[in-house]
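Chain and residue survey
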Amino acid sequence: MAVNTIRPRVWVDGDLAILKMLITHPMETGRRKNKKTGKKIPAHYIQSLIVEHNDKVVLDGMLGPAVSKNPFMQCKFKGAKAGDKVTIKWADNKGESDSKEVKIS
Amino acid sequence: MKRRTLLKSSLTAGVAGIAAGAGLLTPQVVMAAWPKSAFKSKTIDNAVKNLLGSSGLATSGDITIKAPPIAENGAVVNIAVTSKLKNVSSISILVEKNAQPLTSSFNLSSVTEPFVKTRVKIAKTSRVLAVVKSGGKLYSASREVKVTIGGCGG
């Protein structure tokens, strides 16, 4: 997991924290064919995307292969202030996963 | 003495580092059961039933779907769902004409705003449906997105 796959940005606007993130992931549906070999490209997609604010889950996302490649996600939650910890975790159908911790700016 | 404390602290840090490393190596089971049957369902009714236990959807004007009326590239379509309903516990996004309509579903906590924005693939011109669970009941809204190049082609 040397490569950083999660690029989050989180800030406070009034009483809401706004989180935007981009995740680097192929999100292969398993339906696409390799144009050269004609073989199907195996499905490879994120199934679980979890956002935690100070270790409490604020968003528990279940994704399918129909989410676009390099998923973008935005959500908003209350009760956050600058300096709080936000953790983002994902796991895919091949058992790969990554997580990232950021401080709210 | 100073040197000794330094050694000691670096040693503990090293052990913590190894422990963290081991944590990363073991496959993390962060997900609850992924609702496979819902994602594999071929119709909206079945997908909603398998995901949320009921397919009784009440159309609601309190749900707004923000999506482009025409998507030039069906592989990346921005969809934002906002709801004015109270006590929203989940938001799901479905695309009617996709082979497997369910794209994603988000469970929200009590402090999370009933809002989510993401990008989905849309195979061909289709209705996009947002299903919102509020106070144990299911509400939905839909919007048509025209697609000029499909997002699930081979």
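None of the values given here were measured: they were computed from a predicted structure. (Residues numbered from 1 in each chain as written. Chains lettered and ligands numbered in written order. Predicted model: local features only at pLDDT ≥ 70, side-chain atom pairs only at ≥ 80, totals over all residues. Heavy atoms only, no water.)

**Some words on the overall build of chain A**
- Each helix and strand in chain A was counted, giving zero helices and seven strands.
- Starting at the N terminus, the α and β elements of chain A follow one another as β-β-β-β-β-β-β.
- Burial statistics for chain A: of 105 residues in total, 50% are counted as buried.
- For chain A, the share of sequence-separated contacts (at least 6 apart) that also reach a separation of at least 24 residues comes to 56%.
- Counting only carbon and sulfur atoms, one obtains 49% of the accessible surface of chain A, whose full area is about 5,200 Å². (Helix = DSSP H or I, 4+ residues; strand = E, 2+ residues; numbered from the N terminus. Buried < 20%, exposed > 50% of the residue type's maximum accessible area, 1.4 Å probe, protein only. Contact = heavy atoms within 4.5 Å. Areas by Shrake-Rupley, 256 points an atom, 1.4 Å probe, with all protein chains shown as cover.)

**Notes on helix H3 (residues 44–52) of chain B**
- Residues of H3(B) that are buried include every one of Ile44(B), Ala47(B), Val48(B), Leu51(B) and Leu52(B), and no others. With its buried residues spanning 95° around the axis, H3(B) presents them on a single face.
- The inward-facing, buried residues of H3(B) abut strand E4 (56–63) of chain A together with helix H2 (36–40), strand E5 (88–95), strand E6 (102–108), strand E8 (126–134) and strand E9 (137–149) of chain B.
- A positive backbone phi angle near 85° is found at Gly53(B), which sits one or two residues after H3(B). (Arc of directions from axis to C-beta.)

**Some thoughts on the interface of chain A and chain B**
- Taken together, the 39 residues of chain A in the interface contact 33 residues of chain B.
- Roughly 3,200 Å² of surface becomes buried between chain A and chain B when both sides are summed, with 58% attributable to carbon and sulfur atoms.
- A per-residue breakdown of the area chain A buries against chain B is headed by Met62(A), Ala66(A) and Phe72(A), which together make up 20% of the total.
- Run the count over chain A and chain B and you get one salt bridge.
- Ionic pairing is found between Lys78(A) and Glu113(B), a salt bridge with its closest N-O pair at 3.7 Å.
- The tally of links between chain A and chain B comes to 16 residue pairs in polar contact (both at pLDDT 80 or more).
- Looking at the side of chain A that touches chain B residue by residue, the class counts come to 19 nonpolar, ten polar and ten charged.
- Sheet analysis places strand E5 (residues 72–78) of chain A next to strand E7 (residues 115–120) of chain B, joined by two bridges and oriented antiparallel. Counterpart to Gln74(A) in the pairing with E7(B) is Lys117(B). (Buried area = accessible area lost by both parts, 1.4 Å probe. Salt bridge = Lys/Arg side-chain N within 4 Å of Asp/Glu carboxyl O. Polar contact = N/O pair within 3.5 Å; in protein donor to acceptor, adjacent residues only side chain to side chain. Nonpolar A, V, L, I, M, F, W, Y, C, P; charged D, E, K, R; others polar. Pairing = 2+ DSSP bridges.)

**Considerations on the side chain of Ser105(B)**
- Turning to its location among the elements, Ser105(B) is positioned in strand E6.
- At 2.9 Å, the side chain of Ser105(B) and the side chain of Ser92(B) are in polar contact.

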